[in-house]
Amino acid sequence: MTMDNTPGKRLAKRLSDRVHAELARAAETLRNRPDYSRVYDYFLELVVKGCDSKAVASRTGRKAINMLCVQVPPELIHAAGLQPLKICGGSSLNFSLPETPALMCPMLKASMAAVSINEGFGLGFSGGDWVIPTTCDWVVKFPEIASRVWRRPMPRVFWLELPHLRERPYGAQRWLEEMFRLKDFLESIGEKITGKSLSQSVALYARAWRAMNRLADMRRDGTLPPVWLMLIMGTFFLDSPERWTEAAENVTPSPVRDSAVRVFLAGSPIFFPNLKLPLLLEEAGLYVAADDLCSSERVIPGAVICHDTSEYGVISAIAERYHGACLCPTFIDNDRRINNILGRKKDARFNGVVFHVLKGCHPYDIESLALEGELKRRGFRFIRLETDYTPEDNRNLFTRLEAFHNTARDGAHERQDRA
Ligand code: SF4
């Protein structure tokens, strides 16, 4: 029997065909929107034409390092001559994956399925190298579950231990040590990291961050539809930062529907082709003026500022940015999340908060309870939507969002009357 006829390969091929058809359909739906512009083609091509490490490596000319979660500083990976690739998944067709827990985080399940498909379920598994920060339980257990699905251990995993108490001095110190361990790991795969290569990477990602900020400002000002912003942000790791940034800088403002009620979108991440929530929000007349999703406005936490350009100086600045400024709900001392939402009120002018919880995503689920009470006390309208990647609950979600639209609109009127 040849490799191509093995059950794993056949399953991979079947799933791969279905997933690619789903991606193409979702891209076509976006292309048929009245607000479609050719500047979005670059981003659509990225999501349709391969998000796997081989495709990304051949696109960028650099070996891709798979990473889970946004705490891994891409600057450090890039400075070693490598390409950071955040593994994420949005396909709704991946739930037939064997040997995975039923209530697993849909995003990680889809991510695992995407890698499984590309690797033929472990047969001839080349593996790639992984950097995994110890954020939520699903992320921590990812290699264990993946090893069962792929029937072999994940070849090389670098565990980035994330201190969950970050306000204590030893938390910051431990994280800095982790950065130097990560540097050694990356150098064992790629090139030696120097102060100069670090400074160059920091400058590249700072430019990308400015481009992202500009897009977020355009959305806030009503000249970039939220659905397109989410697509664009979700493609950041699929190409070189230079090319992606150039394409992002070419996106021009265009007016969008201004009668919608403005909301802030918080919670679990959203990845193409699973745009069901942004599309339902739009249909219900709700305009996402700002968000704190790790798949959208939080793809990178900000530009790294370093006055000391020595290797130690730049790595310290990177460590501070990716720990101190991160809004991940897995931190214990995390007032920043609510402060971030409250702080955005003035410029983004929203009346309500839509909180997205992916079924099985415990960190955001738990956090939504604390945020709901606090935000309501401060006069915001709040709705918590728990869902997954399947379309079965679309009608139900829409009905709830329509009702929420009316409440948030009335709230906005009350505020105007009081002003
Ligand atoms: S935080 Fe939530 S969405 Fe992110 S990996 Fe963990 S369970 Fe999944």
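Because the structure is predicted, anything quoted here is derived from the model rather than measured. (Residues numbered from 1 in each chain as written. Predicted model: local features only at pLDDT ≥ 70, side-chain atom pairs only at ≥ 80, totals over all residues. Heavy atoms only, no water.)

Colleague: Sorry if this is basic, but what is going on with the domain arrangement of the protein here?
Modeller: It is common to give the size of an interface as the accessible area that goes away when the parts come together. Structurally, the protein comprises domain 1 (3–174) and domain 2 (211–304 + 310–418). Relative placement of domain 1 and domain 2: their C-alpha centres are 22 Å apart. Counting residues at the interface gives 56 residues for domain 1 and 52 residues for domain 2. Summed over both partners, the interface of domain 1 with domain 2 comes to about 4,700 Å²; 69% of that surface belongs to carbon and sulfur atoms. Of all residues in domain 1, Tyr40, Phe43 and Arg166 give up the largest surface area on contact with domain 2, accounting jointly for 17% of the area buried on that side. One can count two salt bridges joining domain 1 with domain 2. (Domains from an automatic or database assignment. Contact = heavy atoms within 4.5 Å. Buried area = accessible area lost by both parts, 1.4 Å probe. Salt bridge = Lys/Arg side-chain N within 4 Å of Asp/Glu carboxyl O.)

Colleague: Please clarify how the sheet that holds strand 3 (residues 129–133) should be interpreted in this entry.
Modeller: One key point about sheets: their strands pair by backbone hydrogen bonds, in either a parallel or an antiparallel sense. What the four strands build is an open sheet, ordered 2-1-3-4; its pairing is parallel. Each edge of the open sheet carries a strand with a single partner, namely strand 2 (83–86) and strand 4 (156–160). The sheet shows a mean angle of 30° between the axes of neighbouring strands, direction not considered. (Pairing = 2+ DSSP bridges. Helix = DSSP H or I, 4+ residues; strand = E, 2+ residues; numbered from the N terminus. Axes fitted to C-alpha atoms, helices over the stretch in contact; angles between N-to-C directions.)

Colleague: Explain the sheet that holds strand 5 (residues 261–267) here, please?
Modeller: Pairing is parallel across the open sheet formed by four strands, whose spatial order is 6-5-7-8. The open sheet has two edge strands with one neighbour each: strand 6 (286–291) and strand 8 (381–387). Taken pair by pair, the neighbouring strands of this sheet meet at an average axis angle of 35°, ignoring direction. Relative to strand 8, strand 7 (residues 352–358) runs parallel, the two sharing seven bridges. In the strand pairing of strand 8, His356 is matched with Leu385. Across the face of the sheet, helix 15 (residues 362–377) comes into contact with strand 5, strand 7 and strand 8 while running at roughly 165° to strand 7.

Colleague: Mind showing me how you'd approach the site of the ligand here?
Modeller: Neighbouring residues of the ligand: Cys105, Met107, Leu108, Cys136, Trp138, Val139, Pro269 and Cys361. Listing elements by their share of the shell around the ligand, those giving two or more residues are helix 5 (106–118) and helix 6 (137–140). Split into classes, the residues belonging to the shell around the ligand amount to eight nonpolar, no polar and no charged. (Near = heavy atom within 4 Å. Nonpolar A, V, L, I, M, F, W, Y, C, P; charged D, E, K, R; others polar.)

Colleague: I tried to follow the packing of aromatic side chains on my own but got confused; where do I start?
Modeller: Each aromatic ring pair is described using two quantities: the centre-to-centre distance and the angle formed by the ring planes. Under the criterion given, the structure shown has 14 aromatic pairs. Considering the side-chain rings of Tyr42 and Phe43, the 4.9 Å spacing of their centres and the 80° angle between planes classify their relative orientation as edge-to-face. The exposure class of Tyr42 is partly exposed, given its relative accessible area of 22%. Ring centres 4.9 Å apart and planes at 80° place the aromatic pair Phe236 and Trp244 in the edge-to-face group. Trp244 shares its class with Phe236; the two are buried. Members of the aromatic cluster, joined through ring pairs, are Tyr42, Phe43, Tyr205, Phe236, Phe237 and Trp244. Note that Arg166 overlies the ring of Phe331, its terminal NZ or CZ placed 3.9 Å from the centroid. (Phe/Tyr/Trp six-rings, centres within 6.5 Å; stacked < 30°, edge-to-face > 60°. Buried < 20%, exposed > 50% of the residue type's maximum accessible area, 1.4 Å probe, protein only. Lys NZ or Arg CZ within 6 Å of the ring centre and 35° of its normal.)

Colleague: Looking at this structure, I do not really get unusual backbone geometry. What am I missing?
Modeller: With omega at 5°, the peptide bond leading from Phe272 into Pro273 counts as cis. Tracing the backbone through its elements, the reader meets Pro273 in the loop between strand 5 and helix 12 (276–283). The phi dihedral of Cys69 is positive, around 75°, even though this residue is not glycine. Residue placement: Cys69 occurs in the loop between strand 1 (64–67) and helix 4 (74–79). Note on Cys69: relative accessible area 18%, which makes it buried.

Colleague: Quick question: what am I supposed to make of the environment of Leu198 here?
Modeller: Positionally, Leu198 belongs in helix 9 (residues 195–220). A relative accessible area of 0% means that Leu198 is categorised as buried. When the C-alpha atoms of Leu198 and Ala24 are compared, they prove to be 37 Å apart, with 174 residues separating the residues in sequence. In contact with Leu198, not counting residues within four places along its chain, are Leu76, Ala79, Ile193, Glu311, Val314, Ile315 and Ile318.

Colleague: Which parts of the structure should I look at to understand the side chain of Arg220?
Modeller: In this structure, Arg220 sits in helix 9. With residues up to four places along the chain from it excluded, the contact list for Arg220 reads Arg262, Ala289, Asp347, Ala348 and Arg349.

Colleague: Would you mind showing me how to read the environment of His356 here?
Modeller: On the secondary structure map, His356 appears in strand 7. For His356, a relative accessible area of 2% puts it in the buried group. The spatial distance from the C-alpha of His356 to the C-alpha of Ala266 is 6.1 Å, given a sequence separation of 90 residues. For His356, the contacting residues outside a window of four places in its chain are Leu265, Ala266, Gly267, Ser268, Pro269, Ile270, Leu277, Leu385 and Thr387.

Colleague: I'm lost on the pattern of salt bridges in this one. Help?
Modeller: Pairing between side chains of opposite charge can happen when their charged atoms approach one another. According to the stated counting rule, one finds 32 salt bridges in the structure shown. Of the charged contacts, one joins Arg207 and Glu249 as a salt bridge, the two residues approaching to 2.7 Å between their closest N and O atoms. With Arg207 in helix 9 and Glu249 in helix 11 (residues 241–249), the pair connects residues that are 42 residues apart, well separated along the chain. Given a relative accessible area of 30%, Arg207 falls into the partly exposed group. Owing to a relative accessible area of 34%, Glu249 belongs among the partly exposed residues under this scheme.

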